[in-house]
Amino acid sequence: MQTTDIGNKEEGKVWHRKPTPSNTGVMVTVIRSAAAYQSKTVRFLHVTFDTTGDSFLAGDHHGNIYVLDITRNRFRLVQKTGQACTALAFNLRRTTEFLVALADYSIKCFDKDTKQLVSWMRGHEGAVSSVSVHGSGRYAISTSADTAQLWDLDTFQRKRKLNVRQSVGIQRVFFLPLSNTILSCFNDDSIFAWESDTLFCKYQLPVPDEGPRIHYKAFSVTRDGKILAAGGRSNLLHLWCLDTRQLLRVVQMPPKVRTVRQLEFLPDSFDGGASQTLGVLSQDGVMRFINIQTCKLLFNIGSHDDAITSATVSPNGRHIVTIMDNGSLNIYSVQCLTQDYNKPPPSLVKVVSGGECSALTMKVKSEAVQRPAKNSGRRVKTKVLRPPAVSMTEDKENELPDGLNKKRLVALLKAFGEYPAKYRMFVWRSLLHLPENHAAFSSLTDKGLHSAYLSIQERYPIKSHKLQRGLQRVLSALAHWAAIFGETDYLPLVAFPFVKLFQNNPLLCFEVVATTIVNWCQHWFEYFPNPPLNVLSMAENVLAHHDKELLQHLIDCGVTSQLYVWPLLETLFSEVLTRDEWLKLFDNVFSNHPAFLLVSVVSYVTCCRAPLLLCSHKEDFEYFFHHRNNLDVSSVIKETYRLMESTPADIHPRNMLDDFQPLTRGQYPVFNKYPTYIVEYQSQERERIRQQEVDYLRERQAVQELRAEAVQRQAEDEAWYTQQELLQQAEEKRRDILQQEESKLAEQRTRLTAMKRELKVKDLQLMDAARRRFLKQQQDQRLTELHRLDQQIQRKMNTRDQETAAAVQDIQVRQMELEAQRRLFEQQLAKEQVRVTQEVRAEVDTRRHRSEVEEATFQHLLNNDTDVSLGTKKWEEVVSQKAQLEEERQAAATAEANRRVFLSQEEEETEQHRDNLRRSQDHSLSQQWEMRARSPCSTRGLLHNPVASPGPHQSQQRHSPNNICLNNQSTSDDSTCFSLDRGRGELDCRERELMQNIRELRQKLAARAKNSNSTTSQ
């Protein structure tokens, strides 16, 4: 076996001569020694293969990442991260890139050829434990203890994030091969499958209830993604079929395996991805490879002295790279490891030769060497053996779940005295027909701890906290199921042995206890809170029938059934039997009628009749039935069976107790076989007492606080008095010292008084000089201030005059603008009136011309009319012309009305504009006067208004013709209006003339018609 030290080299050969694998299959061992210390090595932490399986990445404790190519026999340093890596991935879509999860909770992507940083991904708040890459290499999932994140490796952006409760935790999240399914495994052994595109939950694998909890820690999937292997804190392995989502089988490893650290499937080139060889790395550092079909151990790698920390199998199944306990890398050849069981089978034909040549030849079939089963891609079908169908009614009644038969179990029990310890829980579950109502049990546990069992550790102290919590949980569930179980004092004694037995499965524990209470504790609660006198009387009747002497002795000693029957029943023999004896007894109890438990109490008493007959004091009997005694439980069981058969039917408990009734599926049955009013009263009393206790504790706490406060105040007062005494003593000493000092100071004061007098005179002189100087300075300042004020007033006056002049100019400009607007408006109005006048004149001329033409035509027609028919036609033409004239007259009237409406609107707008101009002018003048009135000059009296109130002259000036006025009408407007009226009159006159001509024409036509009629008649 070769050893290669890469040291500080950046590249080189993995081995220097052709490797010859040893018996252990190791091709080469790679180590990295530190630079300063040759004897100290740097540990390798993680290894991962690329998609081809020919090269792999290895990261060490110093953050160095190496690429080792097995086919080319080369290694190369590709990156120095500066910190330890926690996970690696080398199967990305771009084959030169790889992912490294670092100790600072970040993930970096590097290129192994250019050694450049491609991307830096952040988002985890804990160490990344694994990185799984999709088969396409486009997506990756990074997993930490509290979250899993899905990354797009094209954009290196986070797509989704899976958060879980801190109490649950994530074990591992990874992609399934050849699919778009993500498998997430949590600390509570739950496994979910998700669609990677939509993140829709496809299914959840059921949590196995059989056997102890495994606490999954290691997972592995075959290359076809159909079988999942899971292991944890046990020597059991679960093989799941992901197609059917069922537990395929449970594989038990050798007893040396206590914990499974890692699982790896060993691929085969001809198995189509359905790998049959599974590598199991256990806590002892040995990796055992087994066949999952035959459960045969194939070979091992590693040893106790050279332990393996982690292992990685190449995708092509040719090499295995392991990280050893000393930090080195071992590269194994799978071909060398499997050569023993991959040998071809020996020849099936063998020749037996004797001393002389004989023509007789025998063919002997030798047993073929068992080889690992190879599957051609097809899934192995598992056959389930079922018992043959029996038509007899008795056998059907004895049939139990999971293919067991009660009659056969009882026969086996009578033969061996107990069930095998390995299958006891399985047999009990079948005998009791446990429904395993997960939803109903969860609803009971979700209600939390019952108030009656919050302080159970005070009454029943248990060293094991786990056992204490389990007992508290089961008792709370029972109390939530039925109210009486929260008031029953002996319920913890009944449930404790089952809790200790099923402490890893609270559901089974609860259902076993509930089934025991419903069937073997019948009529126990009818006399609650007293012991069940009816049940005790049954046992006493049986004892009276079989051993009257012993019963008479107990009666003579004043011992009742409450002293020798009830202690055994309320503890279910757990106080008087050892664990093995108790299990043996309850194997028989659960296999027989519910009366068996009561009869077993009588048999226990009868088997102990010799020591009991020697006891005479009541205390001795109490001690006897609450402690273990030297008694063979097998004899008790045999005596119980004898009593079950020999007891008369009239006193036999079997006739007074119901047959076995299992718990219902889905929901647990209602349990109300107890006096509800007593339970309710006790619960109310307990609640009242609890409330009083709470009040008492609150008051006691308040009293303690007051007491502590009083003690503190007393200590403070004593300290204050002591301090006052010390202060008084110090004060007396200081008074003596002060008297001496005062006598000295008196002399000094006399001298100081004389000195002060002299200094005071000097101060007065200086103060007088300073006062005179100050008055002069004040006078100068006031003169300067007055001068400054005069300048400021003058400046404000100039400013006010300038503002006034500017305002007057602005008003004049405004007046000029208004005058220009008025003139422009009048000009537009005059143009509009001229346009309307021209239109009316044109219309009048047109009508006049038309009437003249019509008149000329009419005259011409009258002159050329020769007959009556022609006159009639002309008459029709005249009528049509009259109608046309009428229409023209109506049109003219309409035009005249529109013109008048337009003129009225123009006048209204003109009047409104005139009012607005007047208001604006008045407002500007009022503002100007207000500004002048508010000016500081006017307030100081420096600016005076020459006229206090406007007089008649001002009012005349305000309304003088020079002001803007838009309601004046010129002579041209009057003439325009007169000309329009005159045209209208002429039109009416011509119309009247036309109508007169028409009448005359009618008269002439009528006279001509009469003449022509008379002529024709003659």
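Residues numbered from 1 in each chain as written. Predicted model: local features only at pLDDT ≥ 70, side-chain atom pairs only at ≥ 80, totals over all residues. Heavy atoms only, no water.

## A short note on helix 3 (residues 406–416)
Line of reasoning, step 1. Along helix 3, the residues that are buried comprise L409, V410 and L413. What you see down the axis of helix 3 is that its buried residues fit within an arc of 100°, all on one side. Of the exposed residues in helix 3, the ones pointing more than 90 degrees away from its buried face are R408 and A415.
Line of reasoning, step 2. In this structure, the buried residues of helix 3 make contact with helix 4 (424–431), helix 14 (579–590) and helix 18 (633–646). (Buried < 20%, exposed > 50% of the residue type's maximum accessible area, 1.4 Å probe, protein only. Helix = DSSP H or I, 4+ residues; strand = E, 2+ residues; numbered from the N terminus. Arc of directions from axis to C-beta. Contact = heavy atoms within 4.5 Å.)

## Comments concerning the sheet that holds strand 2 (residues 11–12)
Line of reasoning, step 1. One open sheet accounts for five strands, arranged 2-7-6-5-4; its pairing is antiparallel. Two strands bound the open sheet, and with one partner strand each, they are strand 2 and strand 4 (44–49).
Line of reasoning, step 2. Across two bridges, strand 2 lies against strand 7 (residues 74–80) in antiparallel orientation. The residue bridging E11 from the neighbouring strand is R76, located in strand 7. (Pairing = 2+ DSSP bridges.)

## Looking at the side chain of T571
Line of reasoning, step 1. Mapped onto the elements, T571 comes out in the loop between helix 13 (566–570) and helix 14.
Line of reasoning, step 2. The exposure class of T571 is buried, given its relative accessible area of 2%.

## Some details on the side chain of S234
Line of reasoning, step 1. Summarising the element assignment, S234 is placed in the loop between strand 21 (227–232) and strand 22 (236–241).
Line of reasoning, step 2. The contacts of S234, once residues within four sequence positions are left out, are I214, R258, T259 and V260.

## Side note on the pairing of strand 10 (residues 107–111)
Line of reasoning, step 1. The element strand 10 is largely enclosed, with a buried count of five among its five residues.
Line of reasoning, step 2. Where burial is concerned, the two faces of strand 10 agree: the one with I107, C109 and D111 and the one with K108 and F110 are both buried.
Line of reasoning, step 3. With five bridges connecting them, strand 9 (residues 97–102) and strand 10 associate as antiparallel partners. From the neighbouring strand, V100 faces strand 10, where its bridge partner is K108.
Line of reasoning, step 4. Linking two consecutive strands that pair antiparallel, namely strand 9 and strand 10, is a turn of four residues; a positive phi of about 70° is found at Y105 within it.
Line of reasoning, step 5. Taken together, the four bridges between strand 10 and strand 11 (residues 117–121) define a ladder with antiparallel strand orientation. Counted as the bridge partner of C109 is S119 from strand 11.
Line of reasoning, step 6. Here strand 10 hands over to strand 11 after five residues, with K115 in that stretch at a positive phi of 60°.

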